[in-house]
Amino acid sequence: MSACISPSDALLAERLIQLTEAGLPLVADPWTWLGVRLGLSPSATLALLRRLVDAGAIRRIAAVPNHYRLGYVHNGMTVWDVDDEKIDRLGAQVGALPFVSHCYRRPRRRAWRYNLFAMVHGRSAAEIEQYREHIRALLGRSTLADDMLVSTRILKKTGLRLAPAR
């Protein structure tokens, strides 16, 4: 169960979000940079972040590379109809593959039979098709059908944004 955050932490959290809406600064020590702006030491800044994570106010702090700029210009969401009895074990294996950026289970829908989703990124269409073949081999007879939804355009990805005060 998540803990509650104090009113002072809530104010600091709001300021922290404003400071990091465009991402962490590209400086040698972002915790010191944030701390200076929050009026906290680097250790107090990290303690604040830990409290916010523990309270569920922040889920994670992670690097989000722009895979297009890194040369990974092809991607596809592979979708799989996997045996429900084996999906937890197999989904964990698929999610651990080095070419899968995220993998998750979703409920089946009347017109959509797929229950396992795995995003793959590659430098060519042939490369992401090879990754799909690798996943297919890993899943073996536990998969009844699969498909791949290929991106046709880049969508702007952003983190949390706060509405300006009125």
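As recorded by an unreviewed UniProt entry, the chain carries the name siroheme decarboxylase and is attributed to Bordetella petrii. Under the Sequence similarities (unreviewed entry) heading, UniProt states for the chain: "Belongs to the Ahb/Nir family." According to UniProt, the comment filed for the chain under the heading Catalytic activity (unreviewed entry) is "siroheme + 2 H(+) = 12,18-didecarboxysiroheme + 2 CO2".

### Describing the packing of aromatic side chains
Per the counting criterion, the structure on display carries three aromatic pairs. Centroid distance Phe 99 to Tyr 131: 4.1 Å. Interplanar angle 5 degrees. Geometry classified as stacked. Within this pair, whereas Phe 99 is found in the loop between α4 (87–95) and β2 (100–105), its partner Tyr 131 is found in helix α5 (residues 125–139), the two being separated by 32 residues in sequence. Taking the relative accessible area as the measure of exposure, Phe 99 reaches 12% and is therefore buried. Classification of Tyr 131 by relative accessible area gives buried; the value is 17%. Consider the rings of Trp 112 and Tyr 114, whose centres lie 4.8 Å apart with planes at 70 degrees: the pair is edge-to-face. In this structure Tyr 114 comes out as buried when scored by relative accessible area, which is 11%.

Scoring rules and cut-offs
- Residues numbered from 1 in each chain as written.
- Predicted model: local features only at pLDDT ≥ 70, side-chain atom pairs only at ≥ 80, totals over all residues.
- Heavy atoms only, no water.
- UniProt positions renumbered as here; feature names shortened; annotations may be inferred.
- Phe/Tyr/Trp six-rings, centres within 6.5 Å; stacked < 30°, edge-to-face > 60°.
- Helix = DSSP H or I, 4+ residues; strand = E, 2+ residues; numbered from the N terminus.
- Buried < 20%, exposed > 50% of the residue type's maximum accessible area, 1.4 Å probe, protein only.

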